[in-house]
Amino acid sequence: MRVLIIGAGNVATVLGRLIKEANHEIVQVISRNKTTAKELADELGCGYSNDFTHIDLSADLYLVAMSDAALNALPEKIQLGKKIIVHTAGAISKDILKNISLQYGVLYPLQSLRKELTEQPTMIPLLVEGNNDVTTQTLVAFAESISSNVSIITESDRFKLHVAAVVVNNFTNHLYTLAAEYCKNEKVSFELLYPLIDTAATRLKHFYPSEMQTGPAIRKDISTLDKHLRLLTAHPKLKSIYLKMTDSIMNS
Ligand SMILES: NC(=O)c1ccc[n+]([C@@H]2O[C@H](COP(=O)([O-])OP(=O)(O)OC[C@H]3O[C@@H](n4cnc5c(N)ncnc54)[C@H](OP(=O)(O)O)[C@@H]3O)[C@@H](O)[C@H]2O)c1
């Protein structure tokens, strides 16, 4: 397929690499920032522009990987007839693209993607939705050419999975950040926690999460909880989250 990429951030870059590896032809990168547009276009071996009026209209598929807020402004910028256009957002309706083309949809990567990482997660789950059966089937075939983990999903299920994704990934990563800062300030090694982090994630593949809950809150071990709260006196942000999580575990 001839593919045009709109945006030059994390998703545009990671999916762009996969699309190129799958031997599709990337015809152009369009992004508001000329420097990042050129960087990505150079890597993918195609042309670029930061001017939407210069968009190449010869592509078969237009992949929009811009910030959620920027998607709103797209319809004024481009008209694509019946060329397929998709966005990659978890929480935005496909209908935001309906005034751009007769064929539109979503290709949502259910994974945390960062362009600076040379080693990317393998088999990125791609959740696909088209505005009609033909578009959906074309999108599935395209998605399967870059990932072996492709699902057709409704809009409402995508929105719900996006909420869950924020909890399991963004929130846990924020907890890791707070724990790493705590360890740094208290001069203990965060690295010693790596096996614990790995084990917790691995167990989820075999057991329901609540069955694997351990720690002082599930045991209702009040003296240990008190001790931890004293140790967190100098860390009010972490202490406040510790209290909320303890309450949630004790009352679940
Ligand atoms: N990263 C992930 O893990 C992930 C996973 C699944 C889905 N998504 C979704 O994929 C989409 C892109 O995310 P991302 O992580 O790739 O974001 P990103 O790295 O921040 O890149 C966003 C891109 O949008 C452009 N942009 C931002 N505001 C703009 C505006 N007002 N007008 C025009 N262009 C604008 C940026 O241009 P500049 O370079 O000029 O700022 C950049 O090219 C989002 O809808 C996000 O929800 C992300």
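Refer to the preceding data block for the structure.
Note that the structure is predicted; figures quoted are calculated from it, not measured.

### Some remarks on the site of the ligand
And then number 1: Around the ligand sit 21 residues in total, of which A8, V11, R32, D68 and L113 are the nearest.
And then number 2: In this structure, a nitrogen atom belonging to the ligand sits 3.1 Å away from a side-chain N or O atom of S67.
And then number 3: In this structure, Q111 approaches the ligand through a main-chain N or O atom, which is 3.4 Å from an oxygen atom.
And then number 4: Taken by itself the ligand offers 900 Å² of open surface, and the protein chains cover 73% of this.
And then number 5: Its atoms largely coinciding with the cavity grid, the ligand occupies the second largest pocket.
And then number 6: Among the elements of the structure, helix 1 (10–21), helix 3 (68–71) and strand 6 (101–109) are those that each provide at least two residues to the shell around the ligand.
And then number 7: Considering only residue class, the shell around the ligand consists of 9 nonpolar, 10 polar and 2 charged.

### Describing the layout of surface pockets
Taking a probe equal in size to a water molecule and rolling it over the atoms shows the remaining empty space.
And then number 1: Roughly 2,500 Å³ of internal volume is contained in the largest pocket.
And then number 2: Lining of the largest pocket is provided by 44 residues; of these, T172, L175, A200, Q213 and M245 occupy positions nearest its centre.
And then number 3: For the lining of the largest pocket, the leading source of residues is helix 6 (residues 155–185), giving 10 residues.
And then number 4: Split into classes, the residues belonging to the lining of the largest pocket amount to 29 nonpolar, 12 polar and 3 charged.
And then number 5: Taken as a whole, the second largest pocket holds about 1,200 Å³ of empty space.
And then number 6: Along the wall of the second largest pocket there are 40 residues; nearest its centre are V11, T88, P109, Q111 and L113.

Cut-offs used in this document
Residues numbered from 1 in each chain as written. Predicted model: local features only at pLDDT ≥ 70, side-chain atom pairs only at ≥ 80, totals over all residues. Heavy atoms only, no water. Near = heavy atom within 4 Å. Polar contact = N/O pair within 3.5 Å; in protein donor to acceptor, adjacent residues only side chain to side chain. Areas by Shrake-Rupley, 256 points an atom, 1.4 Å probe, with all protein chains shown as cover. 1 Å grid on protein atoms, 1.4 Å probe; cavity = no way out; pocket = protein on both sides within 12 Å on 5 of 7 lines; lining within 4 Å. Sits in = over half its atoms within 2 Å of the grid points. Helix = DSSP H or I, 4+ residues; strand = E, 2+ residues; numbered from the N terminus. Nonpolar A, V, L, I, M, F, W, Y, C, P; charged D, E, K, R; others polar. Points joined across faces, edges and corners; volume = space filled by probe spheres on them.

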